[in-house]
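What follows is the residue order along each chain.
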Amino acid sequence: MADIEIAYPQTTDFDSYKTFNLYSAEVPKPRVGGSGPQYNSLLDQYVRQSIGAEMRKSGFQLDVVAPDLLVAYDIAVDTSKASSAGYKFPQGFGYGYSFWYGYRFRYDTSTLFDFRPIDELPAGTLVIDIIDPATNELLWRCYADAYLDPSTQDEEYVKLVVEDILSEFPPAS
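None of these values were measured; they are calculated from a predicted model.

Can you help me understand the packing of aromatic side chains in this one?
Aromatic ring pairs are defined here through the distance separating the ring centres and the angle between the ring planes. For the coordinates displayed, the defined rule picks out five aromatic pairs. Both rings, one in Phe14 and one in Phe169, keep their centres 5.4 Å apart while their planes meet at 85°; by these two values the pair is edge-to-face. Taken together, the residues span a long stretch of sequence, with Phe14 in the loop between strand E1 (4–7) and strand E2 (19–22) and Phe169 in the segment after helix H2 (155–166) at a distance of 155 residues. Accessibility expressed as a relative area gives 2% for Phe169, which makes it buried. Between Phe60 and Phe169 the ring centres are 5.6 Å apart and the planes differ by 25°, which places this aromatic pair in the stacked class.

In C-alpha cells:
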C-alpha cells in the first residue's frame, strides 16, 4: 500500500471526543446518465464494520443517538468514463464512489489547510473522514492509495487498509 496522507487542523483537541457513529448516507441509487462502477453493498459492509472495529480499538464508544464524532468514507473511482455534462461539484467534492450513487457527504472542509478533494486522488484510494456533528466541520481526513476496486470482495484486505488508516487516529496530543 502507498503512503498514508493525513490532514487536520493542528489546534483540534481530539482528547475531548469519546463517542462515534458512522455518517448516515443515502441508500445508493444510480444517477440518471451516470456510469461507473457498480455499488457493492458487501464492500460497504466490510468498510463500515472495519471502521467500527478500529474506532472501538482506539477507545471510542459507539453512540447512535448523540455521537461526538461521525465517520464517513469514500473511494476514488476511475473517471475516464465520466460524463459530467457541466455538473459543478460543491467545493471539496468530486468523482468518488459516492458521487455515482447520490451518497454524497456535505460537511465543511474549509478548516483543513492541506485538504485534497476526492477527484484529485488516484482511483482506488480509500478516504476516511472524521466530522464534528455539532459544527458539521471536517476535523480529520486520512487516505491511502489502496488500489480498492469497488467490485472487490476481499474482506481481509479491506480490514488491513482501514486499520492502516485509522492507526493514525486520533493524532497524538
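Got a minute to help me understand the nonpolar core in this structure?
As a rule of thumb, soluble globular proteins bury nonpolar side chains together. Ile51, Met55, Leu126, Ile128, Trp140 and Phe169 are the most contacted members of the largest nonpolar core, which has 29 residues in total. Looking at this core, the elements that each hand over two or more residues are E2, helix H1 (41–57), strand E4 (69–75), strand E5 (125–132), strand E6 (137–145) and H2. In contact with Trp140, other than residues within four places in its own chain, are Ile6, Ala7, Tyr8, Phe14, Ile128, Asp129, Ile130, Ile165, Leu166, Glu168, Phe169 and Pro171. Membership of the second largest hydrophobic core comes to eight residues, among which are Tyr23, Phe115, Ile131 and Leu138.

What counts, and at which threshold
- Residues numbered from 1 in each chain as written.
- Predicted model: local features only at pLDDT ≥ 70, side-chain atom pairs only at ≥ 80, totals over all residues.
- Heavy atoms only, no water.
- Phe/Tyr/Trp six-rings, centres within 6.5 Å; stacked < 30°, edge-to-face > 60°.
- Helix = DSSP H or I, 4+ residues; strand = E, 2+ residues; numbered from the N terminus.
- Buried < 20%, exposed > 50% of the residue type's maximum accessible area, 1.4 Å probe, protein only.
- Core = buried A, V, L, I, M, F, W, Y, C linked by side-chain atoms within 4.5 Å.
- Contact = heavy atoms within 4.5 Å.

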